[in-house]
Amino acid sequence: MRAPKTLLGWLRWRRISPLVALCFLVSPGFAKSSGLIVTGITENETVAQNYAAIAKSMRAGMEKRGFGGIEVIDQVRRDEVLAKIAATAAKADDEFWLVLLGSSGTGRDGLPTFQVKGPRLSAADLREALRGIEVPRKVFIGTNHSGGYLEALGMPDCEVLTATAAEHEQNQPRLPEFLAKEMERDPAASLAELGARAVDKLKLTLQNQGLSLGEHAHFYEAATGKILVAPFGVSGGEPIAKADERGPENRSDGTPVNAPRIVIPEVESDELFVAREATPETRGLVEAAAAIPNPDGYDAIVVRRDIELIINADQSIRENVQARNYLVTRQSFDAWANYSFPQLPPGEVTRVKAARLILPDGSSYVLNAEKLNDSARGGVAGLLFPQAEAGSLIELDYTTERRASYGLPRFYLEKELADSVPIERLSIDLKLPKDAAFHHYLKNLAGQPAESETEHSKVFVWNFAHLAAFEPLPNDPARREVVPWLGVSGFDSWQDFTGWFRRISKGAFDSGPRVKAKADGIAADHAGRPERIRAAYQYVTGLRYIATPCGIHAFRPRTPEQTLHNRYGDCKDKANLLVALLGEMGIDADFVLINRGSSTDTKFPGWQFNHAIAYVPPAEGQDQGLWLDSTDPSTPYGAIAPGNVCRQGLVFGEKDARFAEVLPPDDALGVQSETWTLRAGTDGQWEGGLTFVWKGILSHGWRAQFGRLSPLMLRFAVNESMSQRLPLSDFTQVKVSDPYDLETPLELRASIASQLPHWPGAPREVVAPF
């Protein structure tokens, strides 16, 4: 019996149900297309993560296209790639797709080569491997210099899309991430259509970030043998929106999914937010958040925060953050339902990957993250949740990338870990480059990390529960002394730090003829050692303070000669000049780095300083050391500015450096006095005057305040501050002595005209002296 000619007849002849046959035909085992995604050598952890995410997205797109055989390989050798191409292509009788992600160089033959382990994979190798494949081939080269592959790989039934032109486009291209997204969105589209849409998206993103287009995709059209530029003969436009196919957000048994990690669904829509009905998962998340104890009544609680901090060998930083925040009351909305993300390309860029608002009933609004990122402008990108209600949850997933800041030649970073509200669970994943001297330090928080390694990084992971809110109070120590923070430094030790500082400052501390002449003049006018120190201090303090922290001068002081010639300088310059003047007069003095207004952790080496002063060690006739801040124009000689007191100063001696606590002299306490003179007037009112006198350090704050006030503002300030002490009174003829004359006490005088009817109505502190 001959077999029927039609498919339906054949199925009946073989007694196979057409419905069953259809299931077999569409099952993965009978798929007609296959794909291979190869990631070559990557330079650091951030790039490796980028390509891993792109490869995952491209695989998802291939799966939506119905591919049966999909291989994803990375960090392999040339022979392994060629073998995988042959094996994967053998599974296809319709199409074979090849994707290369990574870096390309130029071989000896002038053609591009793909960077893999061992010998490079040349364009000739790829051409030979692809020629042996009988089905149509689609190739995407997502590397720099990728345009050079077009001529080598262009052949009948082989379409090639490259991310860049052949020459002069050496940076890692961004097109692969956009192409991967388009593959997921519209899996039925052709490679040319996907490429055209990806180029459109890339151009829009760069335009919104204020960046120029530094890569130009090309396409080899197999049907015509032509090399095309975008839009490759097709319309870019927007892909057709597809219905969400994620399915119910709960386990197969119907119980809520309360996964330890934050998983936010993706959406496709023309709207910024997509409304979703409640699910067992979302209801469970809200119930779990509401059950967290909140005895102190905070307006919000961070239910979970996961931070991945990646430091690369080139000092660039990637910070991945996932957070789930519970809005307890409406008062939390300003701080926890409104978010701002830095957009300062190319130095710092934040990309929101996903976000959603879950209302108290479990219904939700899911963010269309791509629409938000497309609309972001330079400066700050804002994300608002106007639908928020008390009892809602907000989930965020975003990434911030910062280019290396070479203003500081050696790496240093501090990241605060606590927040203004409690954090129920905090996870920190720190990745440091394997082959670079980076060290980490956890301050004000106990816990040992779990350690592991990736190809590029050493990994340290901490997990904390019930992290208390940080609420600064008056008279607290310096913030970094009490708030938990994680530090990363490129310095091995303080000895390493001081050696580095001396190297970059070589020659900066050398004196010169102008300095010697000035020191000789001071010595000629002042015979005694104390008088000479005081005169040098007064002279340098009187020079103008101008900060010009450009390049290395953010750390290296200018020479004393330069500062004396300019007659201005920043704190480093002025401290350096003061030390040089004293040295020329035979008075030992040292340059000091200090963290004014904050603190220095002497256990963790790194750039923790924002100020420089001078130190004069004890000597004959001087029982205690002198700490001299020649930058502060409000600090009298012998006193220490409040921001410096009790700080740890790094004192650079002639041969070594050491930390010392900045303590005031025993006799440095100031004096404040006030004198009131009142007499009865002929009209029944009171008149007279008052005098305030401040000496020593107690004059510091008043000198700084009075130095900024005009005569009218000064009178207003005195009347406002005295109105409670002597009501119904007018203070006129307000005069203050020169606040910048540090040699004389600060004095304020004012006349008084009071309408008080009788003395008993006057404040007790005014009546008592009479």
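In short, a report on the structure. Here the structure is a predicted model, which means the values were calculated and not measured.

At their nearest, the axes of helix H7 (residues 175-185) and helix H8 (residues 191-208) sit 8 Å apart, and the two run at 125 degrees to each other. On the basis of their axis angle, the class for H7 and H8 is oblique. Pair H7 / H8 crosses with right-handed handedness. Side by side, H7 and H8 meet where Leu175, Phe178, Leu179, Glu182, Met183 and Arg185 of the first sit next to Leu194, Gly195, Arg197, Ala198, Val199, Lys201, Leu202 and Thr205 of the second. Within the contact of H7 with H8, the residues separate by chemical class into eight nonpolar, two polar and four charged.

Our focus in this paragraph is the nonpolar core. The biggest cluster of nonpolar side chains holds 54 residues, and the ones touching the most others in it are Ile311, Leu383, Phe385 and Leu430. Ignoring anything within four residues of it in the chain, the contact list for Leu430 reads Leu309, Ile311, His440, Lys458, Val459, Phe460, Trp462, Leu486 and Val488. Counting 33 residues, the second largest nonpolar core, distinct from the first, contains Phe140, Ala180, Leu202 and Phe219.

Turning next to unusual backbone geometry. Note that the residue after Ala230, namely Pro231, is joined by a cis bond; omega there is 15 degrees. Of note, Pro231 is situated in the loop between strand E10 (226-229) and strand E11 (273-276). The backbone of Asn475 shows a phi angle near 70 degrees, a positive value even though the residue is not glycine. With respect to the helices and strands, the residue Asn475 is situated in the loop between strand E23 (457-467) and strand E24 (485-489). Asn475 sits in the exposed class, given a relative accessible area of 81%. Positive phi, normally seen in glycine, also occurs at Leu728, with a value near 55 degrees. Within the secondary structure layout, Leu728 lies in the loop between helix H18 (711-722) and strand E34 (729-736).

This next bit is on the sheet that holds strand E5 (residues 112-114). Taken together, three strands build an open sheet; the order of strands is E4-E5-E6 and the sheet is antiparallel. Of all the strands in the sheet, the pair left with one neighbour each is strand E4 (104-106) and strand E6 (121-122). Here two bridges tie E5 to E6, and the two strands are oriented antiparallel to one another. Across the sheet, the residue bridging to Phe114 is Leu121, located in E6.

Moving on, we come to the pairing of strand E18 (residues 392-402). A large share of E18 lies buried, amounting to nine of its eleven residues. Looking at chain direction, strand E13 (residues 317-327) and E18 are connected through eleven bridges and run antiparallel. Within E18, the residue paired with Asn325 across the bridge is Ile394. Pairing of strand E15 (residues 348-358) with E18 involves ten bridges; the strand directions are antiparallel. Its bridge partner being in E18, Ala354 is matched across the sheet by Asp397.

Quick notes on the rules
Throughout, a residue's number is its position along its own chain's written sequence, starting from 1. Only residues with pLDDT of at least 70 are given local features in this predicted model, and only at 80 or more are side-chain atom pairs given and counted; all residues enter the totals for whole chains, interfaces and linings. Each side-chain value is derived from all of the structure's non-hydrogen atoms; neither hydrogens nor water enter the calculation. Only the stretch in contact is used when fitting a helix axis, every axis being a line fitted to C-alpha atoms; angles between N-to-C directions are given from 0 to 180 degrees. Each helix corresponds to a stretch of at least 4 residues labelled H or I by DSSP, and each strand to a stretch of at least 2 residues labelled E; elements are numbered beginning at the N terminus. Oblique is the label for every angle not falling under 35 degrees (roughly parallel), over 145 degrees (roughly antiparallel), or within 65 to 115 degrees (roughly perpendicular). Working rule for handedness: look at the near helix, and if it is turned counterclockwise from the far one by less than a right angle, call the crossing left-handed; if clockwise, right-handed. Here, two residues are considered to be in contact whenever any of their heavy atoms come within 4.5 Å of each other. Each residue gets one label: Ala, Val, Leu, Ile, Met, Phe, Trp, Tyr, Cys and Pro are nonpolar, Asp, Glu, Lys and Arg are charged, and the others, such as Gly, are polar. Each nonpolar core is a collection of buried residues, namely Ala, Val, Leu, Ile, Met, Phe, Trp, Tyr and Cys, held together in the definition by side-chain atoms within 4.5 Å. Burial classes: relative accessible area under 20% of the type maximum marks a residue as buried, over 50% as exposed, and values in between as partly exposed (1.4 Å probe, protein chains only). When DSSP finds two or more bridges between two strands, those strands count as paired.

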